[in-house]
Amino acid sequence: LVSYEGTWRGGVYHGRGTLVFSGGTFVGEFEHGRFREGRLDFSADGDDFYDGSFRCDCAGRKEQDRRADPRRRHPIPVPPATFHGHGRRVRPSGNSYDGEHADGVPEGCGTLRDARTRGVYVGELRDGRKHGRGEETWTAPPSGAGPFADPLVHAASCTYAGEYNNGVPHGTGRIAAADGRSYEG
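So, a few notes on the structure that sits alongside this text. Just so you know, these numbers come straight off a predicted model, no measurement behind them.

Quick look at the side chain of Glu-136
Move 1: In this structure, Glu-136 sits in strand β10 (residues 129-138).
Move 2: A relative accessible area of 15% means that Glu-136 is categorised as buried.
Move 3: Within polar-contact distance, the side chain of Glu-136 engages the side chain of Lys-130 at 2.9 Å.
Move 4: At a separation of 2.9 Å, a polar atom in the side chain of Glu-136 contacts the side chain of Tyr-164.
Move 5: If we skip the residues at most four places from it in the chain, Glu-136 touches Val-120, Tyr-121, Lys-130, Cys-158, Thr-159, Tyr-160 and Tyr-164.

As structure tokens, this is what we get:
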């Protein structure tokens, strides 16, 4: 079941509105029948959502395919859209990302939060992975060796500041434990 409440222009969603559909609920701005900016909830309890900018994935779609009659109770759904630009994505696990997105994945600068390790990464990302300069702090030791082979990281609290490549520390950086132990190289 699909329902829409909001403004229309030329037979399509345009302006502020609320769209409820099988994949969730979108509240925000529409532009020519497409998500532009707003909050997309994937679950009814609000623990799985994206709040930010979108880009439409409707290349080649014909104008009449996205038209809807505003008098209809259940207009056609909005074409698929991807996260694009600045936004915040929160998962049911408690993990989150706040920062730039490109083609639906974290890209550019942002903040990743890991609920399991209570870790926070602030820095550069490419294709959804830590890549470039960044700083990561965690307060619960990661399980296993993780990206580090040194037992220093299994201290109660650690910070790594330095370079990452494809999601793992690579190049120069500094790791420091709360008890004062550190390594730089």
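Moving on from the model shown.
Topic: the packing of aromatic side chains
Move 1: Throughout the structure, instances matching the rule amount to 16 aromatic pairs.
Move 2: A ring pair is formed by Tyr-4 and Phe-30, whose centres lie 5.4 Å apart and whose planes are at 90 degrees; its orientation type is edge-to-face. In this pair, Tyr-4 is assigned in strand β1 (residues 3-9) and Phe-30 in strand β3 (residues 24-31), connecting sequence segments 26 residues apart. Both residues of the pair, Tyr-4 and Phe-30, belong to the buried class.
Move 3: Measuring from centroid to centroid gives 5.1 Å for Phe-26 and Phe-30, while their planes differ by 80 degrees, and the two rings are edge-to-face.
Move 4: Classification of Phe-26 by relative accessible area gives buried; the value is 0%.
Move 5: Taking the relative accessible area as the measure of exposure, Phe-30 reaches 2% and is therefore buried.
Move 6: Ring pairing ties together the aromatic residues Tyr-4, Trp-8, Tyr-13, Phe-21, Phe-26, Phe-30, Phe-35, Tyr-50, Phe-54 and Phe-83, which thus form one cluster.
Move 7: Seen from the ring of Phe-49, Arg-39 lies directly overhead, with NZ or CZ sitting 3.6 Å from the centre.

Section: the pattern of salt bridges
Move 1: According to the stated counting rule, one finds six salt bridges in the structure shown.
Move 2: The residue Arg-39 makes a salt bridge to Asp-41 at a minimum N-O spacing of 3.0 Å.
Move 3: Residue Arg-55 is joined to Asp-103 by a salt bridge in which the shortest nitrogen-to-oxygen separation is 2.6 Å. Remark: Asp-103 occurs in the loop between β7 (96-102) and β8 (105-114) and Arg-55 occurs in strand β5 (residues 49-56); sequence separation between them is 48 residues.
Move 4: Note on Arg-55: relative accessible area 33%, which makes it partly exposed.

Calculation notes
Residues numbered from 1 in each chain as written. Predicted model: local features only at pLDDT ≥ 70, side-chain atom pairs only at ≥ 80, totals over all residues. Heavy atoms only, no water. Helix = DSSP H or I, 4+ residues; strand = E, 2+ residues; numbered from the N terminus. Buried < 20%, exposed > 50% of the residue type's maximum accessible area, 1.4 Å probe, protein only. Polar contact = N/O pair within 3.5 Å; in protein donor to acceptor, adjacent residues only side chain to side chain. Contact = heavy atoms within 4.5 Å. Phe/Tyr/Trp six-rings, centres within 6.5 Å; stacked < 30°, edge-to-face > 60°. Lys NZ or Arg CZ within 6 Å of the ring centre and 35° of its normal. Salt bridge = Lys/Arg side-chain N within 4 Å of Asp/Glu carboxyl O.

Keep in mind these numbers describe shape, not what the thing actually does.
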